[in-house]
Structures are given as C-alpha cells and as structure tokens.
Amino acid sequence: MAIGQTGGFLFPIHRHFGSCHFFAHHPPLFTVLLSWWFSVAAARILVALFSALLLWSFYLLLRNTLTTFAAASATLLLVLSTFYLRLSGAVMIGLPALALAVVSISFLVIGKQRWWTLIVAALFIALALETKLFVAALSPAICLHLCLTTTSHTTTPTFVQRLVRPLVWLTVTAIAFFALSFSFHAWDFGMLLDTHFGAQTRSRLVFAEESRKFLADFFRQQPIYLTLASIGVLYACWQRNRNVILPLTWFVTVIVGFAFHRPLWYHHITLLTIPLLWLSAFSIEAWVQAIQGLTRKPQSAQRRWAMALVGSAVALCAVIFYYPSPLPQRLAQAASLYRPLYIWEISHQLQIDAQAQPGFVFTDRPFYAFQAGLPVAPPLAAISRKRLESGNITEADMLVVLEKYKPQYVVLERFTDNYSAAVMREINRHYELVLQIAPGYYYRRIDG
C-alpha cells in the first residue's frame, strides 16, 4: 500500500495509485494505527480498546484518592453518560485521544513525585496530542496540579521550585510531540490550526450559534451531575482535599474554551463529562463517609441517619435513571442521533462498477469508496462540513480535482446543497447519473 502526503501528513492511500498529496485537518497518529490493521470491524475494536483503557485509567485515578465504591460508581456513571457508549463504538479520534490523556494524568497522580512517571505522563499526552489537538485544553489543569503537588523534604517549596516539574513536563511533551510529527512528516501546523482556529471558521454565524446551543443544552441536560459535582467540590474543600483542583480546573478550562471555540460537535461532550463525573465522585465519597460515620453514633440516631442516607441514595438513583427520560430511552436515542446516512443501493452499485473499471472517486462520503476498494481524489480525502462552510474547500478546488484526477465515479450525499452551479455543470458534462436516491447522487464517467 502506497503512502500519500498532504500538508506534511503521511497516510496510506491505495496500492494501485501511487503516492500523492492530500489534506488532513487532524494529527495522523490514529489514522496511522488504522493503516496497519484496517477493516471496519478492526477499527471499532481498536476504539473499544481505547474506551476500556480510558475507563480503567479513570477508575485507578479515582481509586487512588477515594474509596472503591466512589471510584466504581463514577466510572459506571461515565459509561452511562451522554454519548459515551456511542463514541466507544464509533471510528472517531476523540475518545482515543482522551484515553491517552487520562492515562497520562493517572501516571501524574498515582506516581506522586517520581520523575520517571512525569516523563511517561508527558509521552502519553504527546501521543494524545498527536491523535487530536483538543486535549491541549487539559494543559492548564495538569500544570497547576504539578505546581501544587511539588513538595520539599526540608522547607516549603519556592515559586521557582514549583515551576520545575511543570516545565519539565511541558518540555518533554513538546519534544515528543514534534518528534512524532517529524516521523509522520506532519509539520504543516499552519494548515492544521487554520482549519480549526482561522478567521473563516470563527466568523461563521452558524458555528457560533451551534456552540452556544451546545453549552446551553449541556447545562440543561446535566442538572443531576452538576449538583453532585458541586456537592463534591464543597466536600473536598471542607476536607482540604487538593485532589479536587485538577478535575475542577479541567472542567472550568474546557467550559471557558468552549465559550469561544467554533464549532462544537456532539462528540466534544466527553471533554466535559469526564471531569464532571470525577468531581461527582467526591460527592459519592461524602455519602460513603457519612455511612461509615454512623457506626460512631447512638443506635437511635444511626437508624434515623441510615434511613435518610439510604432514602437519598434511592432518590438519586431514580432521578439518574428517569431524568429527563428513562435511561434505556436516552441510550437508544444517543445511539441513533447523528448517525451517518448510508444508501445501500449506491454502495452496492459502486462495488459492482469498481470490479469492471477501477479509478478515483469524487465523494463527500469516502466510506463508499473504501467499501468498493477505490481511492478518493486525494485533495478531498478529508472533506468535512467545517472545511466547506469555512471556505477551506472552494469551488475552484473542486473543479481542479475534477479536471486533474478525472475521477471515474462521483458520489454526492452529505453536502448536496453546497455544490456550486459550476461544479454541477462540470459533473453533468462528463458524467451520467446512474442512481438518485435522496439525498444521494451516483454518477459514472462517460468520457475518457
């Protein structure tokens, strides 16, 4: 299988069509992993393994400072949180990146003051950044944690001494990240950052409106966990437990970042639910400690308090299960929302045609080309709504692709309303419409 390059990112394209440049607006680590062992089933298994790694690391992280019950309960709530199960089976890069980030934090928290754990943690966060850059939002929380957990055997650490470990962590992270980028030839950071933070992306009013709606929906849909997290923060402050600072800083940093970031998608929610449920674990810990404290009270008081605590636990479980709708219904809804459309007839016909006449495919749904064993026209290999609506892909770009690569097939499905009249005239001039099944169109080339 050949390697193609675009903007410095190396990816496998197709063994019959040589190497070529193509665009990718995310770091390449997860794509490289998939290229070594790729089928739809294998990709889903790989994401599921990353999900398991995240849950196990999250549990160990909580178990280090809280009781087993609190850690296990918070981990279970994370599994049942909005979109988590859906993302655990989706071939997307967000959950693998967060899994690597949580592993990194686990080394920092569990490893205490050991320098080797600091270096390992930096290497894992570099891997996370090389998967998806949004984990950079965790950096302020990690640096603050390292500053506050710095200790000295003789005197109180000075300000400069507290800065040493965060600076070492940042330095090793940067070296590892750039070394990985160099090994993947992924050094066009201007292209990478401009797609996400450029003026064209940030100025889109529809993206700004969707971002406001995302945060409003999050706060409206998570009142129970927000309440638990608030109680957990108060309990941790009362106990003078500094371990609450890391998840609290993580949560606040992401909220502030999301207030300005454009756009926000549904899969970004895990950046909020992980620290939110970490904070909620402190609330569960307070309940556990209250139960244990009953053994020191008179028997009559024990009964009263036991009834109150058990009643509050039952009420909380009922609210979590039924609000805002029964849990099975919420899970089923999360599994069905935002599912990509799949037109079986187009996929089947393309696979048949590919056997007789292989060639490039011009498409906004590359999965059809993948199933048929055909390469996508490289400059549009990573086509997305963000690139289209922000102007990163222009009418001229599409016309150049149609002229230069002369794709054998055209499959339009996701963005049929985004193509200009000039693009559609070029397609109709050289292609015949084979299938039209709303909203999809399948064209086959009629000239050489």
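Placed above this text is the structure.
Here, residues in each chain are numbered from 1, in the same order as that chain's written sequence. It should be noted that, the model being predicted, local features are given only for residues of pLDDT at least 70 and side-chain atom pairs only at 80 or more, the latter also being counted only at that level, while totals for whole chains, interfaces and linings use all residues. Values reported for side chains reflect all heavy atoms of the structure, with hydrogen atoms and water molecules removed beforehand.

Trainee: Explain the sheet that holds strand β6 (residues 440–445) to me, and be specific about the residues and the numbers.
Mentor: A pair of strands is labelled paired if DSSP reports no fewer than 2 bridges between them. Counting from the N terminus, the helices are DSSP H or I runs at least four residues long and the strands are E runs at least two residues long. Reading across from one edge, β3-β4-β6-β5 is the order of the four strands in this open sheet, with mixed pairing throughout. Edge strands, defined here as strands with exactly one partner in the open sheet, are β3 (361–363) and β5 (431–437). The average angle at which neighbouring strand axes cross in this sheet is 15 degrees, direction not considered. Judged from the six bridges that link them, β5 and β6 form a sheet pairing that is antiparallel. Counterpart to Leu-435 in the pairing with β6 is Tyr-442. Across the sheet, helix α17 (residues 344–356) is in contact with β4 (409–412), β5 and β6; its angle to β6 comes to roughly 15 degrees. An axis is simply a line fitted to the C-alpha atoms; with a helix, the fit covers only the stretch in contact. Between two such axes, the angle follows the N-to-C directions and lies from 0 to 180 degrees. What makes two residues a contact is simply this: any of their non-hydrogen atoms within 4.5 Å.

Trainee: Please set out unusual backbone geometry residue by residue, giving values where relevant.
Mentor: Geometrically, the link from Ala-438 to Pro-439 is a cis peptide bond, its omega value of 0 degrees lying close to zero. Relative to the assigned elements, Pro-439 resides in the loop between β5 and β6. The phi dihedral of Arg-240 falls on the positive side, at around 55 degrees, and the residue is not glycine. Within the element layout of this structure, Arg-240 appears in the loop between α12 (223–238) and α13 (245–260). Buried, partly exposed and exposed residues are distinguished by accessible area as a fraction of the type maximum, computed with a 1.4 Å probe on protein chains only: under 20%, between the cut-offs, and over 50%, respectively. Given a relative accessible area of 76%, Arg-240 falls into the exposed group.

Trainee: So what about the pattern of salt bridges? Which residues, and what values?
Mentor: Within this document, salt bridges are pairs made up of a side-chain nitrogen of Lys or Arg and a carboxyl oxygen of Asp or Glu, the two lying within 4 Å of each other. All chains considered together, the criterion is met by six salt bridges. Asp-353 is the partner of Arg-444 in a salt bridge, and the nearest nitrogen-oxygen pair spans 2.8 Å. Note that Arg-444 is positioned in strand β6 and Asp-353 in helix α17, a separation of 91 residues in sequence. Arg-444 sits in the partly exposed class, given a relative accessible area of 23%. Look at Asp-353 and you get buried, because its relative accessible area is 9%. Across the pair Glu-403 and Lys-406 runs a salt bridge whose closest N-O atoms are separated by 3.7 Å. Accessibility expressed as a relative area gives 48% for Glu-403, which makes it partly exposed. One connected set of salt bridges, linked through shared partners, spans Asp-353, Glu-432 and Arg-444.

Trainee: Describe the packing of helix α3 (residues 68–79) against helix α14 (residues 270–293), and please don't skip the residues or the numbers.
Mentor: Between α3 and α14, whose axes approach to 8 Å, the crossing angle comes to 145 degrees. When the axes of α3 and α14 are compared, the crossing they make is right-handed. Mapping the contact onto sequence places Phe-69, Ala-70, Ser-73, Ala-74, Leu-77 and Leu-78 in α3 and Thr-273, Ile-274, Leu-277, Ala-281, Ile-284, Glu-285, Trp-287 and Val-288 in α14. Each residue is assigned to one of three groups, with Ala, Val, Leu, Ile, Met, Phe, Trp, Tyr, Cys and Pro labelled nonpolar, Asp, Glu, Lys and Arg labelled charged, and all others, Gly among them, labelled polar. Here the contact of α3 with α14 is built from residues that sort into eleven nonpolar, two polar and one charged. Crossing handedness is defined as follows: a turn of the near helix away from the far one that is anticlockwise and smaller than a right angle gives a left-handed crossing, while the clockwise case is right-handed.

Trainee: Which residues make up the environment of His-26, and what values go with them?
Mentor: Tracing the chain through its elements places His-26 in the loop between β2 (9–12) and α1 (29–36). Separated by 107 residues in sequence, His-26 and Leu-133 have C-alpha atoms that sit 7.5 Å apart.

Trainee: Provide a residue-level description of the environment of Phe-218, including the pertinent values.
Mentor: The residue Phe-218 is located in helix α11 (residues 205–221) in this model. Of the residues examined, Phe-218 reaches a relative accessible area of 2% and is grouped as buried. The sequence separation of Phe-218 and Thr-82 amounts to 136 residues, and the corresponding C-alpha distance is 9.6 Å. Setting aside its immediate chain neighbours within four residues, Phe-218 contacts Phe-251, Ile-269, Leu-272, Thr-273 and Leu-276.

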